[in-house]
Amino acid sequence: SDPRGGTKERELDGAGVVAAAAVAAAGAAVYYGMMAKRGFDVARMQKGLTTKALGREVQFHDSVSSTMTLAHALLTEKGGPAVHGTVIAAEAQTAGIGRRGRSWAAEHKGNIYMSLLWHTTDRTLHERCVTMSQLNFCCGIAVARAARDLGVEAKCKWPNDVWVGSKKLSGSLVDFDGKASGVAGIGVNVNQTSESLESAVGSTAATSLSAESGRELSREEVMCSICNTIESLMAGDLASTMAEYAKFDMLTGRLVRVCHNSREVAHDDDYDAVVLGFFPNGNLKVARVGNPDSEIALSGEEISIRPQ
């Protein structure tokens, strides 16, 4: 319609004709990639949701220190039952939280920085811990599945990462205080270029969905897929989640370095091992190199993959 009133069609100038033709020729995928640069469309993301709770309430910010910090504040203010399924997301994080206190380095626009609140009705602390462990694995599966739906062969690196080949695509972190609710933070490199990734992290160890697929992608579709997968998997139990996780696992059969401090800081107790799989509770099952009959359960040690 004519913005000046009435119903007359508005004529396009030369630039508008070119832009319209470019959009039509390039197709919807590129158009949505263009839109992603202009801002995240919450309503469009929610149109594809099949969830009952997760993603139905989204608070989207231009820039925050950390979406996990805001999620915890909301949890404290309103309580778990009231905020279950709420997603806090942002275009930029100035102090994103990673595992073992690391920061998450990425561009300020074009990626996904989100935290979700999950409330459980489990009665015992053990049951709550199992639920939060399940949520942790569901986050990795959800990102890997969304990537594969876009033609990117992503795999899960126990316990919190998603990789493509030898490069990190995504990381997640579940923060649980032992009560009835937890916060899961998820960062996904979506439309970041290889050059900007290398500049941000200081190496070529990271990648993005755009870099791997060769095209710009819709963040709305990726976040929608993540929400749908997590809620669907959480309707089952930990055993069913681990069975699904095994389909995306990249470590079984691999030679790894078990690091007790971190990859960067050596410890006298660090050792080489071969990954055998997983225990039912989600712990990683490894055997020390030179002692194949040993089975060791890893719950929190950091796993660093050795070059092969």
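Described below are features of the structure shown in this document. (Residues numbered from 1 in each chain as written. Predicted model: local features only at pLDDT ≥ 70, side-chain atom pairs only at ≥ 80, totals over all residues. Heavy atoms only, no water.)

Some words on helix 4 (residues 67–78)
Inclusion rule: Helix and strand definitions follow DSSP, with helices as H or I runs of at least four residues and strands as E runs of at least two, each counted in order from the N terminus. One fewer than the residue count of a helix, multiplied by 1.5 Å, yields its expected span. Relative accessibility under 20% of the residue-type maximum defines a buried residue, over 50% an exposed one, and the middle range a partly exposed one, all with a 1.4 Å probe and only protein chains included. For this quantity, the arc is that covered by the directions from the helix axis to the C-beta atoms.
Helix length check: helix 4 (12 residues) gives 16 Å between terminal C-alpha atoms against 16 Å at 1.5 Å per residue, within 8%. What helix 4 keeps buried is the set Thr67, Met68, Ala71, Leu74 and Leu75. In an axial view of helix 4, the angular spread of the buried residues amounts to 120 degrees, which keeps them on one side of the axis. In helix 4, the exposed positions that point more than 90 degrees away from the buried face belong to Thr76 and Glu77.

Focus: the sheet that holds strand 3 (residues 112–119)
What counts here: Any two strands with at least two DSSP bridges between them are considered paired. In this description, a line fitted to the C-alpha atoms serves as the axis of each element, helices being fitted only across the stretch in contact, and the angle between N-to-C directions of two axes falls anywhere from 0 to 180 degrees. Working rule for contacts: check all heavy atoms of both residues, and any pair within 4.5 Å makes them a contact.
Pairing is mixed across the open sheet formed by seven strands, whose spatial order is 1-2-3-7-6-5-4. The two strands at the open ends of the sheet, each matched to only one other strand, are strand 1 (58–64) and strand 4 (155–157). Geometrically, the sheet is characterised by an average inter-axis angle of 20 degrees between neighbouring strands, direction not taken into account. With six bridges connecting them, strand 1 and strand 2 (residues 87–93) associate as parallel partners. Directly across from Ser63, in strand 2, lies its bridge partner Ala92. Of the strands in this sheet, strand 1, strand 2, strand 3, strand 6 (167–176) and strand 7 (181–188) are in contact with helix 4, which crosses strand 3 at around 25 degrees. Contacts between helix 6 (residues 125–149) and the sheet are confined to strand 3, strand 4, strand 5 (161–164), strand 6 and strand 7, with strand 6 contributing the most and set at about 155 degrees to the helix.

Section: the sheet that holds strand 11 (residues 296–298)
In any sheet, the strands associate via hydrogen bonds between backbone groups, in a parallel or an antiparallel arrangement. In spatial order, the strands read 11-10-9-8-12; together these five strands make up an open sheet with antiparallel pairing. Single-partner strands in this sheet number two, and they are strand 11 and strand 12 (302–305). Pairs of neighbouring strands in the sheet enclose a mean axial angle of 50 degrees, with direction left out of account. Direction of pairing for strand 10 (residues 284–288) relative to strand 11: antiparallel, over a ladder of three bridges. Residue Leu284 lies in a different strand from strand 11, and its bridge partner there is Leu298.

Section: the side chain of Thr229
Turning to its location among the elements, Thr229 is positioned in helix 9 (residues 219–234). On the basis of relative accessible area, Thr229 is assigned to the buried category, the value being 6%. What Thr229 contacts, discounting residues up to four positions off in sequence, is Ile141, Ala142 and Arg145.

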